[in-house]
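Structural characterization, general
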Amino acid sequence: MESAQSAVVNVIPPTAAKISWWGRNERKLIPYVFLAPFLIIFLVFTVYPVIDSFIMSLHDIDSLDAGEYIGLDNYIRLVTKDARFGKSLVNATVFGLATVFLQLPLALALALALNSPVLRFRTLARMTFFMPYITSAVVIAMIFRMVFEERYGLLNGMLGSVGIEPIPWLRSADWAMPALILVGLWIWVGSNALFFLAGLQTIPEELKEAARIDGASEWSVFRNITFPLLRPVTIFVITLGIIGSFSLFTQSFLLFNGGSGPRDSVLMPVAYLYERGFNNFKLGYAAAVGYLLTLIVVAVTVVQLLLFRIWGKD
Amino acid sequence: MRIGRWFSAISVNIIVFIGMLITIVPFVFMLGASFRPEAELFSYPITLYPKVFTLDNYIALFTRTDYVRWYFNTFLTAGLRTLLATFLSAMAGYAFAKFDFFLKRFFFLLVLVTLTLPFHVLLISLFKLVVNLGWTNNYLAIIVPSAVTGFSIFLMRQYILSVPDELLDAARIDGASEMSIFWRVVVPLVRPGLGVVAILSFAATWNDYLWPLIVLSKNEMYLLSIGIATMQGPYEVEYGAIMAGALLSTIPILIIFLAMQRHIIAGLTIGAVRG
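Within any chain, residue numbers begin from 1 and follow the written order of that chain's sequence. Think of it this way: whatever chain is written first is A, whatever ligand is written first is 1, and the rest follow in order. For this predicted model, a pLDDT threshold of at least 70 governs which residues receive local features, and a threshold of 80 or more governs which side-chain atom pairs are given and counted, while totals over whole chains, interfaces and linings are taken from all residues. The basis for every side-chain value is the complete set of non-hydrogen atoms in the structure, without hydrogens or water.

Considerations on the overall build of chain B
- Helix and strand counts for chain B come out as 16 helices and zero strands.
- Our radius of gyration is a C-alpha quantity, and the globule rule it is checked against amounts to 2.2 Å times the number of residues to the power 0.38. In terms of overall size, chain B is more extended than a compact globule, its C-alpha atoms giving a radius of gyration of 24 Å where 275 residues would be expected to give roughly 19 Å.
- Only protein chains enter the accessibility calculation, which uses a 1.4 Å probe; a residue whose area is less than 20% of its type maximum is buried, one above 50% is exposed, and one in between is partly exposed. Buried residues in chain B amount to 57% of all 275 residues.
- In what follows, a contact means two residues having at least one pair of non-hydrogen atoms within 4.5 Å. Restricting the contact set of chain B to residue pairs at least 6 apart, pairs at least 24 apart contribute 73%.
- For chain B, the accessible surface area stands at approximately 12,200 Å², while carbon and sulfur atoms represent 68% of it.
- The sign given to each residue is positive for Lys and Arg and negative for Asp and Glu; His and the chain ends receive no count. By convention, charge coordinates are those of NZ in Lys, CZ in Arg, CG in Asp, or CD in Glu. Across chain B, the mean location of the 18 positive side-chain charges is 9 Å away from that of the 14 negative side-chain charges. In DSSP terms, a helix is any run of H or I states spanning at least four residues, a strand is any run of E spanning at least two, and both are numbered starting from the N terminus. Where accessible areas are quoted, they stem from the Shrake-Rupley method and a 1.4 Å probe; at the residue level, only the protein chains shown are allowed to cover.

In structure tokens form, the structure reads like this:
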């Protein structure tokens, strides 16, 4: 008892003077003590800015003052007149589709290989595939600027050895997006495979063994048992992929030297927000870009989740 | 049958090996480039490893840029933010997992909403707030605003839910105060969760680019990410030095992550696998 009370004195000095009162009300008040530090920071630096950004998006702001209220004009301009914003959404969509249709099958195949009992050097493989995921986007962009270098880059050097002419990866509007998608594959196929692997390892081996004893082929075991049971992980990976595609910034921005690529070929929505907000100081307009972008991401995610619900029913 | 098994064993190993090779080659290239003279980086034939070995890039990095200062800044802010994040999310996660209080459901809903909210929705207003607080070019701008994420609260709540109530009640019957129950019973039991929160928070600060780019403009306040990205312009250092800086900046995070890999993946997929 003695030590318990002194612990209270040590940790909560303001109420320590009234130990008996605190003792009576401790159970009721303690959750607020635990919650308060988080809640204050959360309300000030997350909830308030989310609300304030919306208010800012309804204003025409050139600097840090309040600006002039213009209703939904920023949004109307974005949707009806702003071709560059449209271009950035198209770019993000292309990148997102590549994520879903290139990254996922590759990641799943890799995960199945990683889960195979005949695999050697398993731990080393897991560590290797985790590396790009944890390396900073700045470092990755800097490496790949050298890899994609037209005359002396590693990739063109390798392609040249099999007789392919040098590709202007970072200089041509046609090749900029494929280059960015390749970087995306390099970063995320391995880590997504590890997520799938975590899912695969929750599927009981007996279930698959029973099906095999009943004469099911390996393909039908995968089609009817493994893949349906991977549904939660698949949803998780696709959702993260879509959100990631629409929030991609550092890789595209730095791979193309703080720009948007030739003819805006890799202009990403967040890079556009940055340009509007911090190069042109149109803070209200930039806030509108942020809000509209978020609405789009939420809508796409909801549609995707609904599609998965339909898939789950049959 | 036997041949089929051989075949699948070989193909599995080859698939994984090729994947590993593709993953590792750019890192090897970075390592090689950091020890190469600039002239060799832009010459034929293109090789993965240096033909002439030099330390000039590292010397240029340490003598002609503020690299050491950037390293210090990054370590300090990442460390303090991590400390803040683990404390706050453990306490709030405990409150959400084991207590009832006024507006609990509402606040938890708020946490869940921000879990899925992308950063760019609040970026502009957060920038304004930080400017008004006078926090630009200040460590506080990096440490405080994103210290608690919805994800870390959610993660800690999940971990603390699995702590049996009987254990807490037993401690109460023994006369332990609520604070000491938290420190001596709950915290030791959820160490793996705290580890995940700590690592994710540390890595988020270490690797972030957009936010520091907006709030830091003074050279001596730069973090590694900003420093490395801007090295080419004002310092007129060569590409090899950038590769050297990039390499050295990757090492701490690589060591931490590879040591804790299993815990991190388990933490990240906590929502996914349980569905």
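A word on the pattern of salt bridges
Residues and elements named next belong to chain A.
- Between Lys or Arg on one side and Asp or Glu on the other, a salt bridge is scored when a side-chain nitrogen of the former is within 4 Å of a carboxyl oxygen of the latter. A full pass over the atoms with the stated rule returns 14 salt bridges over all chains.
- Two residues, R84 and D264, come together in a salt bridge whose shortest N-O distance is 2.8 Å. Separated by 180 residues along the polypeptide, R84 in helix α5 (residues 83–115) and D264 in the loop between α13 (250–255) and α14 (269–279) bring together distant segments of the chain.
- The structure contains a network of salt bridges with shared partners spanning E205, K208, E209, R212 and E218.

With respect to the domain arrangement of chain A
Residue and element names in this part refer to chain A.
- Either an automatic procedure or a domain database provided the assignment from which the domain bounds are taken. Once the domains are mapped, chain A shows domain 1 (2–57) and domain 2 (77–313).
- Between the C-alpha centres of domain 1 and domain 2 the distance comes to 41 Å.
- Listed by partner, the interface residues are six residues for domain 1 and five residues for domain 2.
- By buried area we mean how much accessible surface two parts lose on assembly, using a 1.4 Å probe and totalling the loss over both. Across the interface of domain 1 and domain 2, roughly 410 Å² is buried in total on both sides, 74% from carbon and sulfur atoms.
- It is F54, M56 and S57 in domain 1 that bury the most area against domain 2; as a group they hold 75% of the surface buried on that side.
- Pairing of N or O atoms within 3.5 Å defines a polar contact, subject to two protein rules: one partner must be a possible hydrogen donor and the other a possible acceptor, and residues neighboring in sequence count only if both atoms are side-chain atoms. Our count for the domain 1 to domain 2 interface comes out at one residue pair in polar contact (both at pLDDT 80 or more).

Considering the interface of chain A and chain B
- Tallying the contact residues gives 91 residues for chain A and 92 residues for chain B.
- Of the roughly 8,700 Å² buried between chain A and chain B on both sides combined, carbon and sulfur atoms contribute 80%.
- Considering only the surface of chain A that becomes buried against chain B, A:F34, A:F45 and A:Y152 emerge as the three largest contributors, covering 9% of it.
- The closest approach of N and O atoms between B:K128 and A:D52, which form a salt bridge, is 4.0 Å.
- Linking chain A to chain B there are eleven residue pairs in polar contact (both at pLDDT 80 or more).

Notes on the packing of aromatic side chains
- Geometry of aromatic contacts follows a simple scheme: Phe, Tyr and Trp rings, the Trp one being its six-membered ring, pair when their centres are within 6.5 Å, and the pair is stacked under 30 degrees between planes, edge-to-face over 60, tilted otherwise. Tallied over the entire structure, the rule returns 47 aromatic pairs over all chains.
- Centroid distance A:F34 to B:F182: 4.9 Å. Interplanar angle 50 degrees. Geometry classified as tilted. Residue A:F34 is located in helix α3 (residues 19–57), and its partner B:F182 is located in helix α10 (residues 178–189); the two belong to separate chains.
- When its relative accessible area of 0% is taken as the criterion, A:F34 is described as buried.

Some remarks on helix α9 (residues 176–200) of chain A
All names here are of chain A.
- Given a helix with a known number of residues, its expected span is that number minus one, times 1.5 Å. With 25 residues, α9 extends 35 Å from end C-alpha to end C-alpha; this agrees with the ideal 36 Å at 1.5 Å per step.
- Bend is computed residue by residue as the angle between axes fitted to the seven residues ending at the residue and the seven residues starting at it. At W188, α9 shows its largest bend, some 35 degrees.
- Of all 25 residues in α9, 22 are buried, a share of seventy percent or more.

Regarding helix α7 (residues 137–147) of chain A
- Of all eleven residues in α7(A), eleven are buried, a share of seventy percent or more.
- When α7(A) is considered as a whole, its buried residues turn out to be A:A137, A:V138, A:V139, A:I140, A:A141, A:M142, A:I143, A:F144, A:R145, A:M146 and A:V147.

Some words on the packing of helix α8 (residues 150–161) of chain B against helix α11 (residues 191–207) of chain B
Residue and element names in this part refer to chain B.
- Where α8 meets α11, the closest approach of the two axes is 9 Å, and the angle between their N-to-C directions is 170 degrees. By the angle between their axes, α8 is roughly antiparallel relative to α11. On the side of α8, the interface is formed by F151, S152, L155, M156 and Y159, while α11 contributes P192, G193, L194, V196, V197 and L200.
- Taken together, the residues of the contact of α8 with α11 break down into nine nonpolar, two polar and no charged. The angle between two axes is taken between their N-to-C directions and runs from 0 to 180 degrees, where each axis is a line fitted to C-alpha atoms and a helix contributes only its stretch in contact. In these notes the angle categories are as follows: under 35 degrees is roughly parallel, over 145 is roughly antiparallel, 65 to 115 is roughly perpendicular, and the rest is oblique. In this count, Pro and Cys sit with the nonpolar residues alongside Ala, Val, Leu, Ile, Met, Phe, Trp and Tyr, while Asp, Glu, Lys and Arg are called charged and the others, Gly among them, polar.

Comments concerning the environment of B:T86
Residue and element names in this part refer to chain B.
- Looking at the secondary structure, you find T86 in helix α4 (residues 67–98).
- On the basis of relative accessibility, which here comes to 15%, the residue T86 falls in the buried class.
- Expressed as a C-alpha distance, the spacing of T86 and Y239, which sit 153 residues apart in the sequence, is 38 Å.
- Apart from the residues lying within four places of it in its own chain, the contact partners of T86 are L194, V197 and A198.
- Within polar-contact distance, the side chain of T86 engages the backbone oxygen of L83 at 2.9 Å.

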